[in-house]
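# Observations on chain architecture
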Amino acid sequence: MAAERAPTATTVSGYRTNGDIESEEDATLIYGTLHQLADQAGTCSQTRGGNDYKTWFFDGPGAEQAAIAFIAAVTAIAKPWWVITPTAQPKFHR
């Protein structure tokens, strides 16, 4: 019997300032584009978020490769202040 693997997680933090979306462009990027990139990467099973971060969980066969593809795609379009980590925990520079 194969052992069940925990989902692979990727967190994008710092994508909001003051806890609010500041423009229509930001809303489209955060609520549209990032989700499209996760879908294109494959195996995205869920998202969870806080006030200024969101974590995408990739599950099943190919989860690690999907997370890597997602990280690369998000990094290519990320705002300079975003922090992208290959973990389920956000990383803030304080």
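Residues numbered from 1 in each chain as written. Predicted model: local features only at pLDDT ≥ 70, side-chain atom pairs only at ≥ 80, totals over all residues. Heavy atoms only, no water.

### A word on the overall build of the chain
For the chain, the count of helices and strands is two helices and four strands. In the chain, the order of α-helices and β-strands from amino to carboxyl end is β-α-β-β-α-β. By element, 52% of the accessible surface of the chain is carried by carbon and sulfur atoms, the whole surface being about 5,800 Å². (Helix = DSSP H or I, 4+ residues; strand = E, 2+ residues; numbered from the N terminus. Areas by Shrake-Rupley, 256 points an atom, 1.4 Å probe, with all protein chains shown as cover.)

### A short note on the pattern of salt bridges
A complete count under the given rule lists one salt bridge for this structure. Note that Lys79 and Glu25 form a salt bridge whose closest N and O atoms lie 3.7 Å from each other. Residue Lys79 is located in the loop between α2 (63-77) and β4 (83-85), and its partner Glu25 is located in helix α1 (residues 24-41); the two are separated by 54 residues in the primary sequence. (Salt bridge = Lys/Arg side-chain N within 4 Å of Asp/Glu carboxyl O.)

### Considerations on the packing of aromatic side chains
In the structure shown here, the tally under the stated rule is two aromatic pairs. When the centroid spacing of 5.0 Å and the interplanar angle of 50 degrees are considered together, the rings of Trp56 and Phe70 count as tilted. Here Phe70 lies in helix α2 and Trp56 lies in strand β3 (residues 53-58), a separation of 14 residues in the sequence. This pair shows no difference in class: Trp56 is buried, exactly as Phe70 is. Relative to Phe70, the ring of Phe58 lies with its centre 5.5 Å away and its plane at 50 degrees, an arrangement referred to as tilted. Here Phe58 is found in strand β3, whereas its partner Phe70 is found in helix α2, with twelve residues between them in sequence. Relative accessible area serves as the criterion here: at 0%, Phe70 is assigned to the buried category. (Phe/Tyr/Trp six-rings, centres within 6.5 Å; stacked < 30°, edge-to-face > 60°. Buried < 20%, exposed > 50% of the residue type's maximum accessible area, 1.4 Å probe, protein only.)

### A look at α2
Taking 1.5 Å per residue as the helical rise, α2 with its 15 residues ought to reach 21 Å, and the 21 Å between its terminal C-alpha atoms agrees with that figure. By the burial criterion, the buried members of α2 are Ala63, Ala66, Ala67, Phe70 and Val74. Burial along α2 is one-sided: seen end-on, the buried residues are contained in an arc of 95 degrees. Opposite its buried face, α2 presents the exposed residues Gln65, Ile68 and Ala76, each directed more than 90 degrees away. (Expected span 1.5 Å × (residues − 1). Arc of directions from axis to C-beta.)

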